[in-house]
Amino acid sequence: QVQLVESGGGVVQPGRSLRLSCAASGFTFRSLSMHWVRQAPGKGLEWVAFISWDGTNKYYADSVKGRFTISRDNSKNTLYLQVNSLRVEDTAVYYCARNPEYHFNFDYWGQGTLVTVSS
Amino acid sequence: QSALTQPASVSGSPGQSITISCTGTSSDVGGYNYVSWYQQHPGKAPKLIISDVNNRPSGVSNRFSGSKSGNTASLTISGLQAEDEADYYCSSYTSSSTWMFGGGTKLTVL
């Protein structure tokens, strides 16, 4: 069965960095595109970033462009999100989500990892 | 990148039907048949319930259906059940090669 397990969240001061990871299993990771989506406490979902199956295409929300970097290691079945210059408003649960082939949505989600930015 | 517009809340009694709207622009909802809907129970990850405007993934109840007219997509839940009480989000691919979500709608089953 498809499993996505995020890790790497925690409490961090404004301006600092973190690297989030998403370990994938139960499907051919190297064949599918992936996303990061976040949800601030008590708020709605916000799409963050997309990476194509081979890592050649990457797209970002305006709110994170220039500060966040999405990447993947298909040999390790792992998706990453490098988050730099963190702001208080980046506090959220960060989910990784799978993009099914030939579609433009999120068919499987991880359980999320909480990033709290606070001084 | 503004969010798609959804009503903040809707409610209905068991057995009734409700519809949640999702309004965007010609650059997102109106421009592509790539609208999807997600159900999220408190403390849980979202779950895909409708893809590509009106397709139900395997295992999703046929009480859930989707449609689109112009720049507005809709999710209809028929035969409301207590377990349907949750937050619902629409999403659309956009002409900027990005994705957008609606602000979310809280469904209360009375």
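## A word on the sheet that holds strand β3 (residues 18-25) of chain A
Residues and elements named next belong to chain A.
Turning to step 1, where the next piece is worked out: Across the sheet, 4 strands lie side by side as β1-β3-β8-β7; this open sheet has antiparallel pairing. With partners counted over all chains shown, the strands left at the sheet margins are β1 (3-7) and β7 (68-73), one partner each. Strand-to-strand twist in this sheet, taken as the mean axis angle between neighbours without regard to direction, amounts to 15 degrees.

## Comments concerning the pattern of salt bridges
All names here are of chain A.
Turning to step 1, where the next piece is worked out: Throughout the structure, instances matching the rule amount to 6 salt bridges over all chains.
Turning to step 2, where the next piece is worked out: A salt bridge links Asp62 to Lys65; the nearest nitrogen and oxygen atoms lie 3.1 Å apart.
Turning to step 3, where the next piece is worked out: One salt bridge connects Asp107 with Arg98, and the closest N-O pair in it is separated by 2.7 Å.
Turning to step 4, where the next piece is worked out: Within the structure, one salt-bridge network assembled from shared partners comprises Arg38, Glu46, Arg67 and Asp90.

## Side note on the nonpolar core
Turning to step 1, where the next piece is worked out: One finds Trp36, Leu79, Leu81, Phe106 and Trp109 of chain A together with Phe101 of chain B to be the most contacted residues of the largest nonpolar core, which totals 42 residues.
Turning to step 2, where the next piece is worked out: Sorting elements by how many residues they give to this core places strand β5 (residues 45-51) of chain A first, with 6 residues.
Turning to step 3, where the next piece is worked out: Other than its neighbours up to four places away in sequence, Leu81 of chain A contacts Leu18, Arg19, Leu20, Trp36, Val48, Phe68, Thr69, Ile70 and Tyr94 of chain A.
Turning to step 4, where the next piece is worked out: Core analysis: the second largest hydrophobic core is formed by 23 residues, Ile20, Ile50, Val53 and Tyr88 of chain B among them.

What counts, and where the lines are drawn
Residues numbered from 1 in each chain as written. Chains lettered and ligands numbered in written order. Predicted model: local features only at pLDDT ≥ 70, side-chain atom pairs only at ≥ 80, totals over all residues. Heavy atoms only, no water. Pairing = 2+ DSSP bridges. Helix = DSSP H or I, 4+ residues; strand = E, 2+ residues; numbered from the N terminus. Axes fitted to C-alpha atoms, helices over the stretch in contact; angles between N-to-C directions. Salt bridge = Lys/Arg side-chain N within 4 Å of Asp/Glu carboxyl O. Core = buried A, V, L, I, M, F, W, Y, C linked by side-chain atoms within 4.5 Å. Buried < 20%, exposed > 50% of the residue type's maximum accessible area, 1.4 Å probe, protein only. Contact = heavy atoms within 4.5 Å.

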